[in-house]
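One-letter residues, chain by chain:
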Amino acid sequence: RQAGVLDEEMTVTRTSDLRYVGQGHEVTVPVADGDLSDASVDQLQSSFEDVYRRLYERTATGNPVEAMSWRVIVSAPRPALPLERLSQGLDLSADATTAIKGEREIYLHDDRGMVRVPVYDRYLLAPYATFEGPAVIEERESTLIVGRGASVSVDPLLDIVVDVRRVNGEAVNG
């Protein structure tokens, strides 16, 4: 409800993991809606034996059954996520240079040494911004190293797209 889901959109599924006492594995059985009471024991036993029989083609009727866990899952339809709103408020005319926050030396294999490259602030890269590697793109969660010969673009949903045109100095087809 706090997520804005209406009661009629919610589905509640209750299950229990049951087993014969002493067994090393459980069988998941549905638990009927409503309050659990002494009357529920017979229904759970019957459900357990039905599921057990389907799985193993037999039961051990008369052996005690124990509950190992209880589960309640409340689910609802996946909400629509307006991803295009991620780029709202960004300057779509800004080129990638506005996101440069400095430079850093990184090792580039093709150059066989350290090279000074621009460092881009991931959060300032606007949709449709483009630039060529080598470069570093920094964000709080990750750092992306873009090699020489690769081009970078930002799509409308703010995904970073790296087109690698060269691998070890050789042109990549396609």
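Caption draft 1: Seen up close, the overall build of the protein. Within the protein, the regular secondary structure consists of one helix and twelve strands. Order of helices (α) and strands (β) in the protein, N terminus to C terminus: β-β-α-β-β-β-β-β-β-β-β-β-β. Per-residue burial for the protein yields a buried fraction of 27% across its 174 residues. Long-range pairs, those at least 24 residues apart, make up 43% of the contacts in the protein with a sequence separation of at least 6. Here the protein displays about 12,100 Å² of accessible surface, and carbon together with sulfur accounts for 50% of that area.

Caption draft 2: Summary view of helix H1 (residues 38-56). Here H1 spans 27 Å end to end across 19 residues, near enough to the 27 Å set by a 1.5 Å rise per residue. Within the span of H1, buried status applies to Ser-40, Leu-44, Ser-47, Phe-48, Glu-49, Val-51 and Tyr-52. Considering only its buried residues, H1 is in contact with strand S1 (11-20), strand S2 (27-30) and strand S3 (65-75). Glu-57 occupies a position one or two residues after H1 and carries a positive phi of about 60°.

Caption draft 3: Broad picture of the environment of Ile-145. Here Ile-145 is to be found in strand S8 (residues 143-146). On the basis of relative accessibility, which here comes to 46%, the residue Ile-145 falls in the partly exposed class. Each C-alpha atom, one on Ile-145 and one on Pro-134, is 7.6 Å from the other, the two residues being eleven residues apart in sequence.

Procedures and definitions
Counting starts from 1 at the beginning of each chain's written sequence and moves along it residue by residue. Side-chain atom pairs in this predicted model are given and counted only at pLDDT of 80 or more, local residue features only at pLDDT of at least 70, and totals for whole chains, interfaces and linings cover all residues. As a rule here, side-chain values come from all non-hydrogen atoms in the structure, and water together with hydrogens is ignored. The way it works is that DSSP assigns letters per residue, a run of H or I at least four long becomes a helix, a run of E at least two long becomes a strand, and they are numbered from the N terminus. Exposure classes here rest on a 1.4 Å probe applied to the protein chains alone. A residue is buried below 20% of its type maximum, exposed above 50%, and partly exposed in between. We call two residues in contact when some of their heavy atoms are within 4.5 Å. The accessible surface values rely on the Shrake-Rupley method and a 1.4 Å probe; as for residues, cover is taken only from the protein chains in view. What a helix is expected to span follows from its residue count: subtract one and scale by 1.5 Å.

Geometric values such as these leave the question of function open.
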